[in-house]
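The lines below spell out each chain.
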Amino acid sequence: MATPARPRSSASAASFPRAKRIRKRADFVRIQNGGHRVTTRHLLILVAAPIAAPPRGGAPRGAEQSAALAQGGGAAAPPGSSRLGLVASRKVGGAVARNRAKRLLREAFRRFPELFPDHVDIVVILRTGAGSLGLEDVLAELRSVVPVLRRRARDAIAAAPPIAAAHASRARGAGERDAGDPAAPARSR
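Description of the structure in this document. (Residues numbered from 1 in each chain as written. Predicted model: local features only at pLDDT ≥ 70, side-chain atom pairs only at ≥ 80, totals over all residues. Heavy atoms only, no water.)

1. Notes on the packing of aromatic side chains
Put simply, the rule reads: Two rings from Phe, Tyr or Trp (for Trp, the six-membered ring) form a pair when their centres are within 6.5 Å of each other. A pair whose planes differ by under 30 degrees is stacked, one over 60 is edge-to-face, and the rest are tilted. In this description a helix means any DSSP run of H or I spanning at least four residues, a strand means any run of E spanning at least two, and both kinds are numbered starting from the N terminus. Burial classification: accessible surface area is computed with a 1.4 Å probe over protein chains only, and a residue below 20% of its type maximum counts as buried, one above 50% as exposed, and the rest as partly exposed.
What the rule picks out here adds up to 2 aromatic pairs. Ring geometry for phenylalanine 16 and phenylalanine 109: centres 5.8 Å apart, planes at 85°, overall edge-to-face. Placement of phenylalanine 16 in the loop between α1 (10-13) and α2 (25-34) and of phenylalanine 109 in helix α4 (residues 95-111) is noted, with a sequence separation of 93 residues between them. With a relative accessible area of 11%, phenylalanine 16 lands in the buried category. Among the residues examined, phenylalanine 109 registers a relative accessible area of 8% and is labelled buried. Ring centres of phenylalanine 109 and phenylalanine 116 lie 5.1 Å apart, and the angle between their planes is 65°; on these two criteria the pair is classed as edge-to-face. Each member of the pair phenylalanine 109 and phenylalanine 116 is classed as buried.

Laid out in structure tokens, this is it:
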């Protein structure tokens, strides 16, 4: 006789959707190289403005492009939300300790969104000793740096290029540069 299916727990209701994850190596490298840093004893938190990507299927044209720019340009994360990426080296501990520490940070990100600023990409690099922390310890470290984290997020957003300018430069092809652009290659026939 087959065992009845177990009912889903409440943990599945509080999932960590792909739109809230930083998954691509290029995003991790961009944030690690240019992110604003906040440090605690066990965490190094990097904050960067998100890069808006054109929606799937290529860049929109005409009125569709104007509407997409007004709506945020098809950014990777839903409006008003942040994305989280986690990095844990072997210095944190074995695989069990690393995965437990990452699970606790994801839980803090899900259950306590007020600890993290909106509209930014966040990479948390776990430091030595983070594998032995409990949820309350992680929350205490995050709560101690909330004002600094928000200030760094404002700085990162202010330093980022405007989304409309990024889309305009991406929408122009390599051969469609401004006439006054010194980087425009001369066309030979």
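2. Section: the environment of valine 138
To be explicit about the condition: By definition in these notes, contact holds between two residues if any of their heavy atoms fall within 4.5 Å.
Within the element layout of this structure, valine 138 appears in helix α5 (residues 135-144). Using a relative accessible area of 4% as the deciding quantity, one classes valine 138 as buried. Taking C-alpha positions, valine 138 is 8.8 Å from alanine 101, a pair spaced 37 residues apart along the chain. Filtering out sequence-adjacent residues up to four positions away, valine 138 remains in contact with Leu104, Leu105, Ala108 and Leu133.

3. Observations concerning the sheet that holds strand β2 (residues 43-48)
The condition is simple: Should DSSP find at least two bridges between two strands, the strands are taken to pair. All axes are obtained by fitting lines to C-alpha atoms, using only the stretch in contact for helices, and the reported angles, taken between N-to-C directions, cover 0 to 180 degrees.
If you walk across this open sheet you meet the 4 strands as β1-β2-β4-β3, and the pairing is mixed. At either margin of the open sheet sits one strand with a lone partner, and together these are β1 (36-39) and β3 (83-88). Put simply, the sheet's adjacent strands are angled 20° from each other on average, direction ignored. Taken together, the 4 bridges between β1 and β2 define a ladder with antiparallel strand orientation. Paired with threonine 39 across the two strands is leucine 44, which belongs to β2. The strands touched by α4 are β2, β3 and β4 (121-126); relative to β3, the strand with the most contacts, the crossing angle is about 160°. Of the strands in this sheet, β1 and β2 are in contact with helix α6 (residues 146-159), which crosses β1 at around 175°.

4. What about α2?
Inclusion rule: Relevant arc is that of directions from the helix axis to the C-beta atoms, nothing else.
Burial in α2 covers these residues: Asp27, Phe28 and Ile31. Seen end-on, α2 carries its buried residues on one side only, within an arc spanning 100°. Turned more than 90 degrees from where α2 packs its buried face, Arg25, Ala26 and Asn33 sit exposed.

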